[in-house]
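Survey of secondary and tertiary structure
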Amino acid sequence: MRVSPILSRFVIPISFGSVSTIAFVVSKLMKIFSWLSTVLIVLACFGIVVGILLDGRKRIAMFVISALLSLFIFLEQRSLLSTTSRSELVSDATESLVDYYYHLTENPIAEHPWISKENFIDDRIRCIIVPSSGYSEFCESAFDAETIIRDDPEKRAVRVCPLNLRQNGKEIQTKYRFVLAYAPQLKKEWQAKGSINLPESSYLTLKGMIEIDDNDWQQGKELLERAKSEGNAAAGYYLSRWYRSGYGDEPDIEKADSLLKDAVESGSRSARYEWGSKVLRNPGIEMSDLKKALAVDYLRDASVLKESIGTVTTANLARESFFMLNDFYRACGKESGSRKYYKAAYRMAKRNTRSFVDNEIRYVALLDNCISLEKYDEALEIIVEGKVQRQPHVYLVHADMLSEGKGVAKNLDEAERLLRFAADSLNHYPAYHGLSILYRRNGKKGSEFWDRLYSIKFSNEVE
């Protein structure tokens with residue numbers, strides 16, 4: 001098949017332009033932007049378009065070239081994904097290290113006296129990301145037995161401390177643990193499958209923050225810049241804070257914003273929460289704006305803990321990111337009347353309850369999303385479970401179901417009893433608001449009284 005000059009003149013440039021645009025948008029939305037990938041995607045797709053217009057060996061040659069380019073793109077993107085995942089892990093560990101150091105200054109650990117400020121500063125503590133399933137193997141293979149005996153001849157104890165957060169008596173279930181180890185006890189050459197020895201950039205970041213805290217602002221900045229140059233996303237986030245504050249110089253907001261966005265793309269959970277929250281709270285940005293789509297993606301990433309470490313720092317950031325996104329979805333659902341936003345919030349809550357135990361996510365967010373989607377059977381299961389744990393919000397939701405007849409027989413007396421129990425026995429002042437609504441809705445006198453108690457956040461506990 002011969003291609004006419006007219007067809008070549010119009011079809012091929014149009015195809016090239018379309019493919020270029022699509023490839024650029026897709027690469028941007030992937031958040032793993034590589035100019036080489038974009039060029040190769042364009043060439044591969046263009047090769048397919050041109051191959052269709054050719055025949056014989058030329059067509060086969062174009063298809064083969066396109067297939068090879070596609071394979072190269074796949075391998076490159078897989079490499080980028082792996083790098084991004086490691087970058088996120090290291091950033092999470094670095095932020096956890098910095099926060100833990102500051103917590104240590106106020107709350108020393110009696111059972112681990114070797115975890116001290118001095119040992120951190122003198123590099124006698126190593127921070128290691130260890131697969132949760134391989135923690136025992138790490139303890140057996142990474143430490144030198146003879147050194148342990150010399151170091152602690154009586155107890156012969158391995159000086160190691162995992163920092164994963166425990167909630168309701170259970171450790172957060174994440175793929176990795178963040179572990180502190182006493183460096184003098186470690187073998188010079190140790191290997192443990194899947195473990196990551198925190199890079200030097202993490203310790204530079206910590207020392208930079210210590211210098212800033214000690215008012216040596218320039219030295220702190222220089223250390224953070226070195227850590228950022230080595231690819232540490234957390235260092236970039238802290239550096240953005242440095243420029244936003246100024247620390248003796250004029251704040252440089254433009255530089256701070258640029259560094260913050262770079263930290264977002266590099267994998268900093270704190271940066272993703274901060275930038276994403278700022279975008280979603282900005283009423284000047286339209287819902288259709290790409291920025292909001294990216295903010296949702298980054299907050300969703302920040303809300304997930306399963307593939308990372310479950311420290312106090314990451315858990316708090318994941319929790320805040322979840323509630324920011326949950327509130328955003330529910331506000332969009334209320335404004336638009338579309339169920340898709342409530343479905344998104346529901347799926348996110350279900351996923352997060354599998355990662356770690358958080359009563360407010362399960363007994364408030366997930367429960368409310370069940371009600372919004374009219375999943376009353378599931379809501380009742382959560383309510384029964386929540387009552388065993390005396391979770392106050394479940395009583396309010398159950399009372400609302402009874403007063404409205406949502407999924408259960410209407411029973412106003414039982415609804416009032418549940419609200420009074422939440423207010424009087426669980427000291428949950430929002431129950432007064434529920435009583436006010438219940439009284440007003442059913443024409444009973446006294447709604448103003450409940451309104452007053454709600455407005456002053458009345459507590460029946462004596463301080």
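Please refer to the structure placed before this passage.
Cut-offs and rules
- Residues numbered from 1 in each chain as written.
- Predicted model: local features only at pLDDT ≥ 70, side-chain atom pairs only at ≥ 80, totals over all residues.
- Heavy atoms only, no water.
- Pairing = 2+ DSSP bridges.
- Helix = DSSP H or I, 4+ residues; strand = E, 2+ residues; numbered from the N terminus.
- Phe/Tyr/Trp six-rings, centres within 6.5 Å; stacked < 30°, edge-to-face > 60°.
- Buried < 20%, exposed > 50% of the residue type's maximum accessible area, 1.4 Å probe, protein only.
- Salt bridge = Lys/Arg side-chain N within 4 Å of Asp/Glu carboxyl O.
- Expected span 1.5 Å × (residues − 1).
- Polar contact = N/O pair within 3.5 Å; in protein donor to acceptor, adjacent residues only side chain to side chain.
- Contact = heavy atoms within 4.5 Å.
- Patch = residues over 30% accessible without salt bridge, like charges linked within 9 Å, V, L, I, M, F, W, Y side chains within 5 Å.
- Areas by Shrake-Rupley, 256 points an atom, 1.4 Å probe, with all protein chains shown as cover.
- Lys, Arg positive; Asp, Glu negative; His and termini not counted.
- Charge placed at Lys NZ, Arg CZ, Asp CG, Glu CD.
- Axes fitted to C-alpha atoms, helices over the stretch in contact; angles between N-to-C directions.
- Parallel < 35°, antiparallel > 145°, perpendicular 65-115°, else oblique.
- Left-handed = near helix turned anticlockwise from the far one by under 90°.
- Core = buried A, V, L, I, M, F, W, Y, C linked by side-chain atoms within 4.5 Å.

1. Points about the sheet that holds strand β2 (residues 160–162)
- In space, the four strands of this open sheet follow the order β2-β5-β1-β6, with antiparallel pairing throughout. On the outer flanks of this sheet lie β2 and β6 (196–197), each paired with one strand and no other.
- Two strands pair when backbone bridges link them, and strand β1 (residues 125–131) and strand β5 (residues 176–182) are joined in this way by seven bridges, in the antiparallel orientation. Across the sheet, I125 pairs through a bridge with Y182, a residue of β5.

2. Overview of the packing of aromatic side chains
- Summed over all chains, the structure comprises 18 aromatic pairs.
- Look at F328 and Y329: their rings are 6.3 Å apart centre to centre, the planes differ by 50°, and that puts the pair in the tilted class.
- A residue is classified by how much of its surface remains accessible, and F328, at 12% relative accessible area, is buried.
- Look at Y439 and W450: their rings are 6.0 Å apart centre to centre, the planes differ by 80°, and that puts the pair in the edge-to-face class. Taken together, the residues span a long stretch of sequence, with Y439 in helix α19 (residues 430–441) and W450 in helix α20 (residues 447–455) at a distance of 11 residues.

3. Here's the deal with the pattern of salt bridges
- Here the structure, examined in full by the defined rule, presents 21 salt bridges.
- For the salt bridge of K175 with E307, the shortest nitrogen-to-oxygen distance reads 3.7 Å. Of this pair, K175 sits in the loop between β4 (170–171) and β5 while E307 sits in the loop between α12 (290–303) and α13 (312–336), placing them 132 residues apart in sequence.
- Residue E307 is classed as partly exposed on the basis of its relative accessible area of 47%.
- Of the charged contacts in the structure, one is a salt bridge between K406 and D400, with a shortest N-O distance of 3.1 Å.
- Among the residues examined, K406 registers a relative accessible area of 24% and is labelled partly exposed.
- Here D400 falls in the partly exposed class, since its relative accessible area comes to 27%.
- Connected through shared salt-bridge partners, R319, E320, D358 and E360 make up one network.

4. Some words on helix α15 (residues 359–372)
- Given a rise of 1.5 Å per residue, 14 residues ought to cover 20 Å, and the 19 Å separating the end C-alpha atoms of α15 matches this to within 8%.
- Those residues of α15 not exposed but buried are I361, Y363, A365, L366, L367, D368, N369, C370 and I371.
- If you check the start of α15, you find a side-chain oxygen 3.0 Å away from the backbone N of E360, and it comes from D358.
- Of the residues one or two after α15, E374 is the one with positive phi, at around 60°.

5. Side note on the environment of E146
- By the secondary structure assignment, E146 is in helix α6 (residues 145–151).
- In sequence terms E146 and Q185 are 39 residues apart; their C-alpha atoms lie 8.8 Å from each other.

6. Let's talk about the side chain of E378
- With respect to the secondary-structure elements, E378 resides in helix α16 (residues 376–388).
- The class of E378 is buried, set by a relative accessible area of 17%.
- For E378, the side chain forms a polar contact with the side chain of Y346, separated by 2.6 Å.
- Not counting the four nearest positions on each side in its chain, E378 is found in contact with Y346, K350, L366 and C370.

7. Quick word on a negative patch on the surface
- Taken together, D213, D214, D216, E222 and E225 make up a surface patch of like negative charges.
- Note on placement: D216 falls in the loop between α7 (200–213) and α8 (217–229).

8. A look at the packing of α13 against α15
- One can describe the packing of α13 onto α15 by two numbers: an axis separation of 12 Å at closest approach and a directional angle of 15°. Considering their axes alone, α13 and α15 lie roughly parallel with respect to each other. Here the hand of the crossing between α13 and α15 comes out left-handed. Across the interface between the two elements, R319, F322, F323, N326 and R330 from α13 touch E360, I361, A365, D368, N369 and S372 from α15.

9. Focus: the nonpolar core
- Ranked by size, the top nonpolar core spans 98 residues in total, and within it I115, F120, L180 and Y329 carry the most contacts.
- With eight residues, the top contributor of residues to this core is α13.
- In contact with F120, not counting residues within four places along its chain, are L97, Y100, Y101, L104, I115, I125, C127, L180 and L206.
- With 14 residues, the next largest nonpolar core counts Y135, C139, V160 and W190 among its residues.

10. Points about the pairing of β1
- Most of β1 sits inside the fold, with seven of its seven residues counted as buried.
- Burial along β1 is two-sided: the face carrying I125, C127, I129 and P131 and the face carrying R126, I128 and V130 are both buried.
- Here β1 pairs with β6 via two bridges, running antiparallel. Residue pairing in the sheet places I129 in a bridge with I196 of β6.

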